Amino acid sequence: MTGGLRKDARVDDRDAGAATHSARVLVVEDEVRLAALVSKHLTDMNLSVRVEHHGSAGLEVALSDPFDLIILDVVLPGLDGFAICRELRRRNMTVPILMLSARGVTEDRVRGLDSGADDYLTKPFEFAELSARVRALLRRQTPAAVLTLTVGDLVLDPVGRSVQRGPRRVDLTQKEFALLEYLMRNVDQVLTRAMIGERVWDFTWDRMTNVIDVYVNHLRRKLEDAGEPRMIHAVRGVGYVLRPAEAADDRHT
Amino acid sequence: MIATLKARTTLWNVLVVASALGLFATLLYAWLAQTLYAHHDGDLQEEARRVLAALSSTADPIAALQLLDHQGTVAPFLMVRDAHGQMVFRSERLATVEPDIGAHEVLTHAAASGATSEQFFTVQLARGPVRFTCVPLTRPNGTYLQLGRALGDVGRMLEVVVVASAVLIPVVIVVTSFGGFLIAKRALRPIDTIATALESIQTTDLSRRVDLHAPDLEVRRLTASVNQLLDRLNTSFNTMKEFTADVSHQLQTPLTVMKGTIESARESQSADRQPVFATLSDEVNALSATLQDLRDLALADADSAGSREGPVSVSEVFAEAGELVGALAEAHGVSCHTTIEPGLEVWGNAVRLRQLMLNLGENAVEFTPPGGTIRIEAARNQDVIIATVSDTGTGISADLLPHVFDRHVHGRSQHSRAGSGLGLAIVKRIVDAHGGNVVITSQPGAGTTASITLPIANPASV
């Protein structure tokens with residue numbers, strides 16, 4: 001059981017390392033021990049990490065050196081995370097920003113995203129969660145204005161709100177559709193349950209994990225109704241990933 | 001017994017007035033009786049002296065008495081008795097008026113007891129009370145002269161006093177009690193006003209103050225004291241809330257460090273040690289969730305009173321929450337039916353209202369064994385929305401039921417899941433903040449129903 005968890009995590013880390021080789025990350029976090037933990041974890045992902053403990057110093061470094069990702073704590077001495085974020089965006093810097101703050105404060109989350117952050121992670125978080133979000137941000141490309149999403153034999157039309165698996169039309173509820181769209185837009189990428197909750201439902205709830213599992217099961221049942229192979233796979237301890245049916249066959253059961 | 005100060009003040013007022021009037025009437029009666037009797041007795045004594053004087057100069061006192069009696073110059077109650085009380089002489093006039101007077105006990109006794117000085121006493125005769133005096137005579141030796149005058153006028157006068165008191169005192173009492181009630185009501189009106197104002201100030205809006213501009217110094221002092229108390233309460237409430245919210249916020253960072261440390265330590269451990277780290281990780285999560293609940297509880301009032309308030313479609317919010325509860329129920333093997341009337345709207349905070357329904361739903365799922373059913377319903381009933389979450393779960397025992405909204409009381413029997421026990425306390429706060437009402441009824445073993453009443457946003461529109 002635990003062996004499976006560690007194997008999967010390693011596989012993911014290796015993928016991430018390959019994809020984001022030599023990516024540079026700036027961590028601005030005043031809590032020294034947390035900064036050290038985050039730094040170690042990101043280094044393990046083969047990322048090059050720079051840590052700053054002070055708000056103003058963080059902004060200075062962010063402005064002078066090029067980074068592929070900036071992780072900002074909200075509460076900082078000198079200059080808070082929101083202010084740094086706004087300042088960077090004001091200078092037209094498009095670097096992805098991930099903000100950290102104590103959990104569940106909806107106002108903070110909204111404020112963070114409003115001030116230009118790309119994602120928002122609440123403490124305490126799992127490091128698997130942090131990895132997933134860092135990976136998602138490093139891989140992020142400006143989403144093309146595609147008319148339809150296609151993964152293997154699965155086709156989703158966001159405008160017409162219809163889904164086809166092979167020749168078969170699949171009827172989904174609104175939330176199932178939103179969940180599938182999110183998974184398809186991030187094909188081959190592990191999405192944590194928290195990320196899914198925030199994106200599909202736009203809020204967090206203690207029991208969202210169970211709810212997401214139920215929705216994934218509904219979705220799987222509808223997508224595999226005619227005996228098609230599985231496309232949505234669970235990644236133990238982390239979340240879910242959607243892969244083309246052929247490619248996923250040998251990796252997951 | 002008598003609950004209001006107004007009624008009691010009036011009652012005491014009436015009692016004091018009644019006692020004072022009663023005392024006045026009694027003293028008046030006593031004083032008047034004393035004066036009238038003294039006057040009457042003086043006349044009687046005078047007459048007795050006159051009779052004695054007439055007798056002292058004659059050889060046959062009885063004959064002299066008969067003469068006096070015939071002349072009609074003395075009162076008709078004229079007798080002479082011997083030492084045994086036997087009648088020696090009696091006025092002619094008495095024979096027809098009071099034929100039985102000879103055997104009268106008091107008069108017989110007065111003579112028999114051997115009165116040596118002038119005494120006055122009242123005797124009740126057939127025609128009415130008569131005041132008598134009994135004087136020893138020297139001739140015939142050992143006899144007593146008994147002379148009486150009817151009390152007619154004196155009795156009538158005293159009677160008038162009694163009747164007047166009996167009629168007038170109740171009238172005065174009625175008038176006084178009515179006046180006393182009006183005075184008490186007027187004097188206590190500021191207290192009524194302050195009480196009404198305080199009742200409308202809930203814990204949710206301690207910033208409000210009693211607004212009363214009374215001219216009376218005492219009332220102004222009371223109002224000022226109450227407002228100062230509210231100031232202090234408000235300050236300490238806010239301090240407490242901010243402190244709770246801040247602390248629960250701040251503690252999340254060390255928890256993240258703990259969690260991260262546990263995770264990195266876990267990676268280097270063998271498979272048999274993994275459950276230990278899993279437990280540690282779970283406990284950190286539970287701690288974090290409790291801190292979050294504490295923060296929610298502290299902010300439950302503040303939030304809805306803040307800027308994020310507005311018209312909320314309860315139908316949509318509850319339907320969305322109901323869908324999530326349905327999924328959670330499915331994960332627990334419980335079926336969930338949601339029936340929500342469309343178009344229901346209240347004034348409030350959508351996030352809080354969703355949390356309200358999620359907490360109730362989560363609670364219902366938690367205590368319903370697999371195979372059970374949960375029903376979520378919401379419908380309009382005149383000017384309120386009634387929403388119910390009922391389950392076929394384990395129920396709540398009668399002794400715990402009154403305490404379900406208390407913090408740190410697990411609504412139902414001890415349960416393995418690590419919950420903060422704040423879920424229902426948060427529900428209560430949210431409902432209160434929206435001016436609603438929540439009631440939980442339960443039958444142990446059969447299920448629990450939570451009923452929420454929320455005032456509708458715009459009662460005028462149908």
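This one's a predicted model, so the numbers in the text were calculated from it and none came from an experiment.

Peer 1: Whenever I open this one, the overall build of chain A confuses me. Can you help?
Peer 2: Counting secondary structure elements, chain A contains ten helices and twelve strands. In chain A, buried positions account for 42% of the 253 residues. In chain A, once contacts between residues fewer than 6 apart in sequence are set aside, the share between residues at least 24 apart is 57%.

Peer 1: Looking at this model, I keep getting lost on the overall build of chain B. Mind explaining?
Peer 2: Along the backbone of chain B there are eleven helices and twelve strands. Every one of the 462 residues in chain B was classed for burial, and the buried ones make up 29%. The long-range fraction of contacts in chain B, counting pairs at least 24 apart against all pairs at least 6 apart in sequence, stands at 65%.

Peer 1: Sorry, what's going on with the interface of chain B and chain A here?
Peer 2: By convention, interface size is frequently given as the accessible area that disappears when the constituent parts associate. Counting residues at the interface gives 26 residues for chain B and 24 residues for chain A. Elements that contribute at least two residues to the side of chain B that touches chain A include exactly α7 (252–267), α8 (274–305), α9 (314–331) and α10 (350–366) of chain B. It is α7 of chain B that contributes the most residues to the side of chain B that touches chain A, eleven residues altogether. Class assignment of the residues belonging to the side of chain B that touches chain A gives a composition of eleven nonpolar, ten polar and five charged.

Peer 1: Whenever I open this one, the sheet that holds strand β4 (residues 128–137) of chain B confuses me. Can you help?
Peer 2: Strand pairing in a sheet takes place through backbone hydrogen bonds and is either antiparallel or parallel in direction. Residue and element names in this part refer to chain B. Reading across the sheet, the five strands line up as β2-β1-β5-β4-β3 and stay open at both edges, with antiparallel pairing between neighbours. Each edge of the sheet is formed by a strand with only one pairing partner; in this case those strands are β2 (87–90) and β3 (119–125). For this sheet the average axis-to-axis angle between neighbouring strands, irrespective of direction, equals 25 degrees. The pairing of β4 with strand β5 (residues 143–150) spans eight bridges and is antiparallel.

Peer 1: Mind showing me how you'd approach the environment of Ile71 of chain A here?
Peer 2: Residues and elements named next belong to chain A. Along the chain, Ile71 turns up in strand β3 (residues 69–73). What makes Ile71 buried here is the crowd of 29 C-beta atoms within 10 Å. In the structure, Ile71 is positioned 42 residues away from Glu29 in sequence and 8.1 Å away in space, judged by C-alpha atoms. Apart from residues lying up to four places away in sequence, Ile71 is in contact with Val25, Val27, Val38, Leu98 and Leu100.

Peer 1: Can you help me understand the environment of Pro158 of chain A in this one?
Peer 2: Residue and element names in this part refer to chain A. Considering the arrangement of structural elements, one finds Pro158 in the loop between β7 (154–157) and β8 (162–165). For Pro158, a count of 15 C-beta atoms within 10 Å corresponds to the partly exposed category. Placed eleven residues apart in sequence, Pro158 and Leu147 show a C-alpha to C-alpha distance of 7.0 Å. When residues no more than four places from it in sequence are discounted, the contact partners of Pro158 are Leu149 and Glu181.

Peer 1: For this particular structure, what's the right way to read helix α4 (residues 105–112) of chain B?
Peer 2: The periodicity of an α-helix, 3.6 residues per turn, causes residues three or four positions apart to be oriented the same way. All names here are of chain B. Among the residues of α4, those classed as buried are Leu107, Ala110 and Ala111. Axial view of α4: buried residues confined to an arc of 95 degrees, hence all on one face. Across from the buried face of α4, at angles greater than 90 degrees, the exposed residues are Glu105 and His109. Looking at the buried positions of α4, the neighbouring elements they touch are β1 (77–81), β3, β4 and β5.

Peer 1: Would you explain the sheet that holds β8 of chain A in this entry?
Peer 2: All names here are of chain A. The strand order β6-β7-β8-β9 describes an open sheet built from four strands, whose pairing is antiparallel. Two strands in the sheet have a free side with no partner beyond their single neighbour: β6 (149–151) and β9 (168–170). Neighbour-to-neighbour, the strand axes of this sheet turn through a mean angle of 20 degrees, independent of strand direction. Sheet analysis places β6 next to β7, joined by three bridges and oriented antiparallel. Looking at β7, one finds that Val151 is bridged to Leu154. Those strands touched by helix α7 (residues 174–185) are β6, β7 and β8, and its axis lies near 70 degrees from that of β6.

Peer 1: Sorry if this is basic, but what is going on with the nonpolar core here?
Peer 2: The tendency in soluble globular proteins is for nonpolar side chains to be buried as a group. With 121 residues, the main nonpolar core has Val25 of chain A together with Val314 of chain B as its most contacted residues. Counting residues per element, this core draws most heavily on α9 of chain B, which supplies nine residues. By size, the runner-up hydrophobic cluster in this structure holds 20 residues, among which are Ile101, Leu125, Val130 and Tyr144 of chain B.

Peer 1: What is the right way to look at the confidence of the model for chain B in this model?
Peer 2: Detailed reading of predicted coordinates is not advised where the pLDDT is low. Residue and element names in this part refer to chain B. Mean pLDDT over chain B stands at 83; residues scoring 70 or higher make up 91%. Below a pLDDT of 50 lies the segment residues 303–307, which in the model reaches ten contacts outside its immediate sequence neighbourhood of four places, other chains included. Note on residues 409–418: pLDDT is under 50 here. Beyond four places in sequence and across chains, it has 17 contacts. As scored by the predictor, the complex reaches a pTM of 0.60 and an ipTM of 0.72.

Peer 1: Mind showing me how you'd approach unusual backbone geometry here?
Peer 2: A negative phi angle is the norm for most residues apart from glycine, just as the trans form is the norm for most peptide bonds. Residues and elements named next belong to chain A. Here the residue pair Lys123 and Pro124 is connected by a cis peptide bond, since its omega of -10 degrees sits within 30 degrees of zero. Looking at the element boundaries, Pro124 is found in the loop between β5 (119–123) and α6 (127–139). One non-glycine residue with positive phi stands out, namely Arg161, at about 50 degrees. Residue position: Arg161 is located in the loop between β7 and β8. Here Asp188, not a glycine, exhibits a phi torsion of approximately 70 degrees, which is positive. With respect to the helices and strands, Asp188 occurs in the loop between α7 and β10 (191–192).

Peer 1: Before we go on, may I ask you to explain the pairing of β3 of chain A in this structure?
Peer 2: Remark: a regular strand shows side chains that alternate across the two faces of the sheet. All names here are of chain A. With respect to burial, β3 is a largely interior element, five of its five residues being buried. Bridging between strand β1 (residues 24–28) and β3 involves four bridges; their strand directions are parallel. Residue pairing across strands places Val27 opposite Ile71, the latter belonging to β3. Pairing analysis gives four bridges linking β3 to strand β4 (residues 97–102), with the strands arranged parallel. In the strand pairing of β4, Ile70 is matched with Ile97.

Peer 1: Explain helix α3 (residues 55–64) of chain A here, please?
Peer 2: All names here are of chain A. All of the buried residues in α3 are Gly55, Gly58, Leu59 and Ala62. Along the long axis of α3, the arc covered by the buried residues comes to 95 degrees, so they all point the same way. On its buried face, α3 sits against β1, β2 (48–52), β3 and α4 (81–90).

Peer 1: Is there a simple way to think about the confidence of the model for chain A in this case?
Peer 2: Overall, the predicted model of chain A reaches an average pLDDT of 82, with 84% of residues at or above 70. Here residues 1–20 of chain A is a poorly scored stretch, pLDDT under 50, and it has 22 contacts once near neighbours within four places are set aside; other chains count.

Peer 1: Is there a simple way to think about the packing of α7 of chain A against helix α9 (residues 208–223) of chain A in this case?
Peer 2: Packed helices, taken two at a time, are described by their axes: the angle between them and the distance between them. Residue and element names in this part refer to chain A. Direction vectors running N to C along α7 and α9 enclose 85 degrees, while the axes themselves pass 10 Å from each other. With respect to each other, α7 and α9 are oriented roughly perpendicular. Between α7 and α9, the contacting residues are Lys175, Glu176, Leu179 and Leu180 on the first element and Tyr215, His218 and Leu219 on the second. When its residues are assigned to classes, the contact of α7 with α9 shows four nonpolar, one polar and two charged.

Peer 1: What is the right way to look at the packing of helix α8 (residues 193–201) of chain A against α9 of chain A in this model?
Peer 2: Residue and element names in this part refer to chain A. Viewed as axis vectors pointing N to C, α8 and α9 meet at an angle of 80 degrees, and their least axial separation amounts to 10 Å. Considering their axes alone, α8 and α9 lie roughly perpendicular with respect to each other. Contact residues: α8 offers Arg193, Ile196 and Gly197, while α9 offers Met208, Thr209 and Ile212. When its residues are assigned to classes, the contact of α8 with α9 shows three nonpolar, two polar and one charged.

Conventions and cut-offs
- Residues numbered from 1 in each chain as written.
- Chains lettered and ligands numbered in written order.
- Predicted model: local features only at pLDDT ≥ 70, side-chain atom pairs only at ≥ 80, totals over all residues.
- Helix = DSSP H or I, 4+ residues; strand = E, 2+ residues; numbered from the N terminus.
- Buried ≥ 20, exposed ≤ 12 C-beta atoms within 10 Å, placed from the backbone.
- Contact = placed C-beta atoms within 7 Å.
- Nonpolar A, V, L, I, M, F, W, Y, C, P; charged D, E, K, R; others polar.
- Pairing = 2+ DSSP bridges.
- Axes fitted to C-alpha atoms, helices over the stretch in contact; angles between N-to-C directions.
- Arc of directions from axis to C-beta.
- Core = buried A, V, L, I, M, F, W, Y, C linked by C-beta atoms within 7 Å.
- pLDDT = per-residue confidence, 0-100.
- Parallel < 35°, antiparallel > 145°, perpendicular 65-115°, else oblique.

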